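Now for the letters of each chain:
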Amino acid sequence: MQEIKKYVEDHKQRFLDELFELLRFPSVSADPKYKGDVLKTADFVAQKLKDAGADNVEICETAGYPIVYGEKIVDASLPTVLIYGHYDVQPPDPLELWKTPPFEPTVRDGKIYARGACDDKGQFYMHVKAFELMMQTNTLACNVKFMIEGEEEVGSANLGIFVKANTERLKADVVLISDTSMISMENPSIETGLRGLAYMEVEVVGPNRDLHSGVYGGAVANPATILCKMIASLHDENNHITIPEFYDKVVELSDAEKQALNSAPFDLEEYKKDLEIDAEWGEKGYSTLERTGTRPTLEVNGIWSGYIGEGAKTVLPSKANAKISMRLVPNQNSDEISEIFAKHFEKIAPKGVKVTVTPHHGGEPVVTPTDSIAYRAAEKAIEDSFGKKPIPTRGGGSIPIVALFENVLGIKSVLFGFGLDSDALHSPNEKYDIYNYYKGIETLPLFHKYYAELNK
């Protein structure tokens, strides 16, 4: 541990400078205008893997953005760790809500503010620097393979194709992913499950053009009003989702499981204070930790219609649109949920409008084992680094590729994140604590050490 700390201390400014350089690339995969920047980011990642000591580094082309691959096989008899991350980021909008430019990393109170600081540039780059550390100190105890993609924020459409076509190349014993969070640095944790995702877009169309709201209002169905009423009907008075069959395969937690989940440190008042809300909201009969980690949800991610410019325009819009995501729990299937959502939404549409439902990307929920060698290695690494055992938690987010790795490569994942729920992922002013960044670089080599030892 002392050798690790010394290397990090000796190189900490360079580690930070390199991360800042990475964060300056506006690698927004959702917007074609950033295509050149996304490709430059892939080049940067590939070069840094080479600089760190990786072999066979390659920018692997796909139908979308490339996957950066690299490896270091020190001994074929040793276990192999496949490290996954993504170099693409969410769009920075709305720009006016950022206190400092999203692609000019800025440090305030020991925190790095930039788009991608935590999700996932800061987190995957910890692995690159931890790998460099192990190479330079001759302490790499496992074979390592890197697979860093550029389309995670748009559903990883081409990753599955790549994985299926490269099963031999990607052969490993475990996948190590840092794209999740901890409870806090004082209460380190390891996520042992993730929810799945079904992402939809809906459109409600009424008249063949926008209409004068005085001449036609009250006589023609207003798509914006209809859409709002349809969306509102998707939850009942207990905030329970009303779509038939939606909960059919959901398994309730046992009393023991609920007790274990709710024993994690959680301050509801601090939670509300951080979000500047005066009350929590959710499905009746469940705690906040249960709602965010073990219950399925349905949320509106965006809604638009009619005139939203400056001033007034008295218009009855011809159409209204919304983007809706559903987080899924074990036993639910994204294709099945997408299908029953579409049928229900079309069924509840009144006469006078036409409804179109378009499924986008999805992914399956996963639960990772806590009795595996890999989990035990992560547990021991955190115990060494933090001085206390990590708490197993369930994550509310989705990483669809975890199920893909299990189904195609036949290997489990360890969700070894160092972010915090308060890091404003996908929001303006995303941040990542410098302390967490360095702590990750210190802890990851210990995982490799213990994973190799426990496999003997």
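What counts, and where the lines are drawn
Residues numbered from 1 in each chain as written. Predicted model: local features only at pLDDT ≥ 70, side-chain atom pairs only at ≥ 80, totals over all residues. Heavy atoms only, no water. UniProt positions renumbered as here; feature names shortened; annotations may be inferred. Helix = DSSP H or I, 4+ residues; strand = E, 2+ residues; numbered from the N terminus. Phe/Tyr/Trp six-rings, centres within 6.5 Å; stacked < 30°, edge-to-face > 60°. Buried < 20%, exposed > 50% of the residue type's maximum accessible area, 1.4 Å probe, protein only. Lys NZ or Arg CZ within 6 Å of the ring centre and 35° of its normal. Pairing = 2+ DSSP bridges.

Draft legend 1. Representation of the UniProt feature "domain: Peptidase M20 dimerisation" (unreviewed entry) in the protein in the model. Mapped onto the present numbering, the UniProt feature "domain: Peptidase M20 dimerisation" (unreviewed entry) falls at residues 192–352. The straight-line gap between the two end C-alpha atoms of residues 192–352 is 47 Å; of that span, 31% is helix and 22% is strand.

Draft legend 2. Representation of the packing of aromatic side chains in the model. Considering all chains together, one arrives at 13 aromatic pairs under this definition. Relative to Phe 405, the ring of Tyr 84 lies with its centre 5.7 Å away and its plane at 70°, an arrangement referred to as edge-to-face. Remark: Phe 405 occurs in helix α12 (residues 401–409) and Tyr 84 occurs in strand β3 (residues 80–86); sequence separation between them is 321 residues. Like Tyr 84, the residue Phe 405 is buried in the burial classification. Of the aromatic side chains, those joined through ring pairs into one cluster are Phe 386, Phe 416, Phe 418, Phe 447 and Tyr 451. Its guanidinium or amino end placed over the ring of Tyr 69, Arg 169 lies 4.5 Å from that ring's centre, counting from NZ or CZ. The ring of Phe 386 has Lys 439 lying over it, and the distance from NZ or CZ to the ring centre is 5.1 Å.

Draft legend 3. Just the pairing of strand β2 (residues 67–72), in detail. The element β2 is largely enclosed, with a buried count of 6 among its 6 residues. Neither face of β2 is left uncovered, since the one carrying Ile 67, Tyr 69 and Glu 71 and the one carrying Val 68, Gly 70 and Lys 72 both have all their residues buried. The sheet contact formed by strand β1 (residues 55–60) and β2 spans 4 bridges and is antiparallel. Across the sheet, the residue bridging to Asp 55 is Glu 71, located in β2. Linking two consecutive strands that pair antiparallel, namely β1 and β2, is a turn of 6 residues. Relative to strand β6 (residues 143–149), β2 is paired through 5 bridges, and the arrangement is antiparallel. Directly across from Glu 71, in β6, lies its bridge partner Lys 145.

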